[in-house]
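So you can see what is in the structure, the chains are spelled out below.
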Amino acid sequence: MYYKLNGVTQRLTGAPAAAYNPQGLRPAAPPASPPLIFASPTKLVSEAGGQAEYLGTNRVPDLQKAFQRSDGVPVHLKRGLMDRLLYRSTMGLTVGGVLYCLVALYIAAQPGNK
């Protein structure tokens, strides 16, 4: 059921479905698709065949072996020196940020000079 505002009583009243399409508005016609601006040739899925073209070799099996090796190293440090550098710099910045926040809170908590 649709509702419309009664102009006399200023209340909502029940209305037939025609109230949903006010005067001047017609039901929407399906829009025509716009012309292509850049009409470049495309390769359809059926033309590509069953194989997908990749830019490199599949490294997933090698990475799975490296990450699943049980050598006691956490997974976020398994790939070597760069992982250790990123981890330590992240932890250093985190500790530095916490210290900076604590200093800022200490300074803000001091009473102002009169």
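Owing to the predicted nature of the structure, the values given are computational and were not obtained by experimental measurement.

A cluster of nonpolar residues, Val95, Val98, Leu99, Leu102 and Leu105, forms a patch on the protein surface that exposes about 480 Å² of accessible area. Relative to the helices and strands, Leu102 resides in helix 3 (residues 81-109).

The next subject is the side chain of Lys78. Position of Lys78 among the secondary structure elements: in the loop between helix 2 (60-68) and helix 3. Taking relative accessible area as the criterion, Lys78 reaches 18% and is therefore assigned buried. Excluding residues within four positions of it along the chain, Lys78 makes contact with Ala66, Phe67, Arg69, Asp71, Val73 and Asp83.

Summarising the element assignment, Asp83 is placed in helix 3. Lacking a salt bridge, the buried Asp83 has Arg79 as its closest oppositely charged neighbour, with an N-O distance of 5.3 Å. Looking at Asp83, its side chain comes within polar contact range of the main-chain nitrogen of Arg79, at 3.0 Å. Aside from chain neighbours lying at most four places away, what touches Asp83 is His76, Leu77 and Lys78.

Cut-offs and rules
- Residues numbered from 1 in each chain as written.
- Predicted model: local features only at pLDDT ≥ 70, side-chain atom pairs only at ≥ 80, totals over all residues.
- Heavy atoms only, no water.
- Patch = residues over 30% accessible without salt bridge, like charges linked within 9 Å, V, L, I, M, F, W, Y side chains within 5 Å.
- Areas by Shrake-Rupley, 256 points an atom, 1.4 Å probe, with all protein chains shown as cover.
- Salt bridge = Lys/Arg side-chain N within 4 Å of Asp/Glu carboxyl O.
- Helix = DSSP H or I, 4+ residues; strand = E, 2+ residues; numbered from the N terminus.
- Buried < 20%, exposed > 50% of the residue type's maximum accessible area, 1.4 Å probe, protein only.
- Contact = heavy atoms within 4.5 Å.
- Lys, Arg positive; Asp, Glu negative; His and termini not counted.
- Polar contact = N/O pair within 3.5 Å; in protein donor to acceptor, adjacent residues only side chain to side chain.

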